[in-house]
Amino acid sequence: MRFTDCARLVEGLKDASSRGILKNRLKYHAHSKLLVVDELGYLDIDEQGADLMFQLVSTRYEQRSTIITTNVGIGGWAKVFGDEVTAGAIADRVCHHCTLIKITGRSYRLKDLPADKRREG
């Protein structure tokens, strides 16, 4: 299992691409039985990053399991990836054979914070 936040993953793919070792990096991620990508959408992804994410998702498609955590609904991925077509292609592969789990309620991270402190934020 590999766990990484989306921004770090994209930066790693960009670095690999610039050093001419993208194929090796994609292979590295493709062999992991489970890849967990955290915080997709926390930061927008530029065109190069979106293309690299598409390559990664395509490499893993129907081969290995991927978990993506996000606060952005799939309909908002066009803004995250900067392009409707790329976002649609990524979502199409991610959502095929997927299980969507929507978690609602109070933030787990804020559960121990006193109520008066939660209102100040």
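J.: I'm lost on unusual backbone geometry in this one. Help?
T.: With the exception of glycine, most residues fall at negative phi, and the peptide bonds are largely trans. Even without being glycine, glutamate 39 reaches a positive phi, approximately 65 degrees. In this fold, glutamate 39 is placed in strand β2 (residues 34-40).

J.: Explain the layout of surface pockets to me, please; I cannot follow it from the model alone.
T.: Rolled over the atoms, a probe with the dimensions of a water molecule shows which regions are left empty. Counted as a void, the largest pocket has a volume near 1,500 Å³. Around the largest pocket, the lining is made up of 38 residues, and of these Ile67, Ile68, Thr69, Thr70 and Ile101 lie nearest the centre. Secondary structure elements with two or more residues in the lining of the largest pocket: β2, α3 (47-60), β3 (65-70) and α5 (84-95). If one sorts the elements of the lining of the largest pocket by residue count, β3 sits on top with 6 residues. In terms of residue class, the lining of the largest pocket is built from 15 nonpolar, 14 polar and 9 charged. Quantified by volume, the second largest pocket comes out at close to 160 Å³. In terms of lining, the second largest pocket is formed by 14 residues, of which the most central are Ala7, Val10, Leu43, Asp44 and Ile45.

J.: Help me understand the nonpolar core in this model?
T.: Here is a general trend for soluble globular proteins: nonpolar side chains tend to be buried in one another's company. Formed by 21 residues in total, the largest nonpolar core has its most connected members in Cys6, Leu13, Ile45, Met53, Leu56, Trp77 and Phe81. Listed by contribution, the elements that provide at least two residues to this core are α1 (6-18), α2 (22-31), β2, α3, α4 (77-81) and α5. Here the element with the most residues in this core is α3; it accounts for 5 residues.

J.: Is there a simple way to think about the pattern of salt bridges in this case?
T.: Side-chain pairs of opposite charge can arise whenever the charged atoms involved come near each other. Here the structure, examined in full by the defined rule, presents 5 salt bridges. With a shortest N-O distance of 3.1 Å, arginine 19 and aspartate 15 are connected by a salt bridge. Assessed through its relative accessible area of 35%, aspartate 15 is described here as partly exposed. With a closest N to O distance of 3.2 Å, lysine 79 and aspartate 44 form a salt bridge. Of the two residues, lysine 79 is situated in helix α4 and aspartate 44 in the loop between β2 and α3; the sequence distance between them amounts to 35 residues. For lysine 79, a relative accessible area of 63% puts it in the exposed group. Note on aspartate 44: relative accessible area 49%, which makes it partly exposed.

Cut-offs used in this document
- Every chain's residues receive numbers from 1 upward, in the order its sequence appears when written.
- Whole-chain, interface and lining totals are the exception, using all residues; otherwise, since this is a predicted model, local features are given only for residues with pLDDT of at least 70 and side-chain atom pairs are given and counted only at 80 or more.
- As a convention, hydrogens and water are excluded, and side-chain values are obtained from all of the structure's heavy atoms.
- Only DSSP runs of H or I reaching four residues or more are called helices, and only runs of E reaching two or more are called strands; each is numbered from the N terminus.
- Any residue with an atom within 4 Å of a point lines the site, the site being either a cavity, points on a 1 Å grid over the protein atoms alone where a 1.4 Å probe fits but cannot get out, or a pocket, an open set with protein on both sides within 12 Å along at least 5 of 7 lines.
- Grid points are joined across faces, edges and corners, and a volume is the space filled by probe spheres set on the points.
- For this classification, Asp, Glu, Lys and Arg are treated as charged, while Ala, Val, Leu, Ile, Met, Phe, Trp, Tyr, Cys and Pro are nonpolar and the rest, including Gly, are polar.
- We call a set of buried residues a nonpolar core when its members are Ala, Val, Leu, Ile, Met, Phe, Trp, Tyr or Cys and they connect through side-chain atoms within 4.5 Å of each other.
- Burial status follows relative accessibility: with a 1.4 Å probe on protein chains alone, a residue under 20% of its type maximum counts as buried, one over 50% as exposed, and anything between as partly exposed.
- A pairing counts as a salt bridge when a side-chain nitrogen of Lys or Arg comes within 4 Å of a carboxyl oxygen of Asp or Glu.

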